[in-house]
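A look at the structure
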Amino acid sequence: MKREAAIVSLSAIIFLAACKEQKTADTDNKQVCITDSLAKMITMDTVKMSTIKNELALSGQVSFDDNHVVKIYPFSSGQVVDVKVSLGDRVSAGQTLATIKSADVAGNYSDLSSAKSDIAITKRQLSQTEYLYKNGIASERDYTEAQENYNKAVAADRKIQQQISINGHGSTNATGEYVLKAPTSGYIVERTANPGSFIRPDNAASLFTISDMKDVWIWANVFESDISKVKKGYDAQITTLAYPGKVFKGKVNDLSSVLDPDSKVMKVKITLPNTDMLLKPQMFTNVVISNTEAQQSVAIPAAAVIFDSSKNYVVVYKDKCHLEVREVSVIKTVDSITYIASGLKPGEVLISKNQLLLYNALVDE
């Protein structure tokens, strides 16, 4: 095997110490020893038993927390005259979002004017009937009927005023315009209102959605073959293209009970705090779900494994001049830990840093 470059590097820091045994005619027995200078460059780790950790890589997307949003619906049909905010804008409570022209609102004010006239008329009739009744000219029936008519007019006026109050009192006027205002502070995360668009009487969609964005949801996609590998409470690590060096940590909060009919994946939800407002709705994410199995195995640092000729090896340390290259069978590698099926025992010591220099010298010995 050609490892001239590695051996040249090795020769600068280790030496081949000859055994004191007599050389035979065809064999020259040598040992590879660790010099003091090399000892400062290597790292040794002890083989341990550990529970096996599983990881599952998924794709996902950021969404706002539906538990902390306010959806704003039109309270009357009409036409959108003006929209004051855009998607993603920060708004304060009471800020104007849109202006809408509505025939229904104008009709309410017209009805209110008619109700006021009815009150004035019925009140005058009641006063006249009461005078006639007290002077014995009108009957009690006429007086009672006049009272009922007046009470009906007052009730109709009160009903219309309540309708106007419910439908944005103070934000409407007799011309039929009404102003939609933000009921709370937050960010516009959804907007369907556009200037000139019409709102049908049977409209069931919200015009705006406001979220405080303090928490966000990550919806991850789990393929059918991986459903058994994800459970509620498992740890999750989320990375984004926008912040490649930052890892957001959370836990699986909820699992969907059905598969998406289009993508044929199961959705899992991960709730994350968003204190720095880094995560935005619709961002794509990479999600790694991890959990620990009940099964245990020998575990070593992944950096200690040397892959050569389709096999895995480690350098076992017994003493300064007693090193051994040993083949191992790898179960899998998760994060920085490699789980070993055979080849090592707990308590053994191996070299996990710069071991390749020693490996080259030992296999070429």
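Residues numbered from 1 in each chain as written. Predicted model: local features only at pLDDT ≥ 70, side-chain atom pairs only at ≥ 80, totals over all residues. Heavy atoms only, no water.

Quick word on the overall build of the protein
Across its full length, the protein holds five helices and 22 strands. Here the C-alpha radius of gyration of the protein, 40 Å, is well above what a compact globule of 365 residues would show, namely 21 Å. Once the C-alpha set of the protein is aligned to its principal axes, its extents read approximately 150 × 40 × 35 Å. Within the protein, contacts between residues at least 6 apart in sequence are counted, and of these 73% link residues at least 24 apart. Of the roughly 21,200 Å² that the protein leaves accessible, carbon and sulfur atoms contribute 50%. Here the protein carries 41 positive and 41 negative side-chain charges, and the mean point of each set is 3 Å from the other. (Helix = DSSP H or I, 4+ residues; strand = E, 2+ residues; numbered from the N terminus. Rg over C-alpha atoms; globule rule 2.2 N^0.38 Å. Contact = heavy atoms within 4.5 Å. Areas by Shrake-Rupley, 256 points an atom, 1.4 Å probe, with all protein chains shown as cover. Lys, Arg positive; Asp, Glu negative; His and termini not counted. Charge placed at Lys NZ, Arg CZ, Asp CG, Glu CD.)

Some words on helix α5 (residues 355-363)
α5 sits mainly inside the fold: seven of its nine residues count as buried. The complete set of buried residues in α5 reads Q355, L357, L358, Y359, N360, A361 and L362. (Buried < 20%, exposed > 50% of the residue type's maximum accessible area, 1.4 Å probe, protein only.)

Observations regarding a nonpolar patch on the surface
A grouping of Y131, L132 and I137 is seen on the molecular surface, where their side chains present a nonpolar patch of about 340 Å² in accessible area. Within the secondary structure, I137 is located in the loop between α3 (103-134) and α4 (140-166). Judged by relative accessible area, which is 63%, I137 ranks as exposed. (Patch = residues over 30% accessible without salt bridge, like charges linked within 9 Å, V, L, I, M, F, W, Y side chains within 5 Å. Salt bridge = Lys/Arg side-chain N within 4 Å of Asp/Glu carboxyl O.)

Let's talk about the packing of α3 against α4
Where α3 meets α4, the axes come as close as 8 Å, and the angle between the chain directions of the two elements is 160 degrees. In this view, α3 runs roughly antiparallel relative to α4, as classed from their interaxial angle. Handedness of the crossing formed by α3 with α4: left-handed. Classifying every residue of the contact of α3 with α4 gives 14 nonpolar, eight polar and eight charged. (Axes fitted to C-alpha atoms, helices over the stretch in contact; angles between N-to-C directions. Parallel < 35°, antiparallel > 145°, perpendicular 65-115°, else oblique. Left-handed = near helix turned anticlockwise from the far one by under 90°. Nonpolar A, V, L, I, M, F, W, Y, C, P; charged D, E, K, R; others polar.)

Details of unusual backbone geometry
At M277, a residue that is not glycine, the phi angle is positive and equals roughly 55 degrees. Note that M277 resides in the loop between β16 (265-273) and β17 (284-301). Even without being a glycine, Q282 presents a positive backbone phi close to 80 degrees. According to the relative accessible area criterion, Q282 is exposed, its value standing at 52%.

Brief notes about the state of the cysteines
Applying the stated rule across the entire model yields one disulfide. A sulfur-sulfur separation of 1.9 Å characterises the disulfide bridge that pairs C33 with C321. When the S-S torsion is 120 degrees, as for the bridge of C33 with C321, the disulfide is right-handed. Pair noted here: C33 is in strand β2 (residues 30-33) and C321 is in the loop between β19 (311-319) and β20 (322-334), with a separation of 288 residues, a long-range link. Take C33: its relative accessible area is 3%, and that puts it in the buried class. C321 gets classed as partly exposed once you look at its relative accessible area, which sits at 29%. (Disulfide = S-S within 2.5 Å.)

Observations regarding the pattern of salt bridges
Overall, the coordinates contain 11 salt bridges when judged by the stated rule. We note a salt bridge from E324 to K318, for which the minimum N-O separation is 3.2 Å. Each of the salt bridges in this network shares a partner with another, and the network as a whole consists of K318, E324, R326 and E348.

Overview of the nonpolar core
Counting 25 residues, the largest nonpolar core has I238, I270, L272, V287 and I289 as its most contacted members. Counting residues per element, the ones that place at least two in this core are β4 (48-64), β13 (215-223), β14 (235-240), β15 (248-259), β16 and β17. Beyond its immediate stretch of four places on either side in the chain, V287 contacts L56, A57, L58, I218, A220, A236, Q237, I238 and I270. Counting 23 residues, the second-largest nonpolar core is a separate cluster that includes I72, V80, V105 and I160. (Core = buried A, V, L, I, M, F, W, Y, C linked by side-chain atoms within 4.5 Å.)

Everything listed here is a matter of geometry and, on its own, says nothing about what the molecule does.
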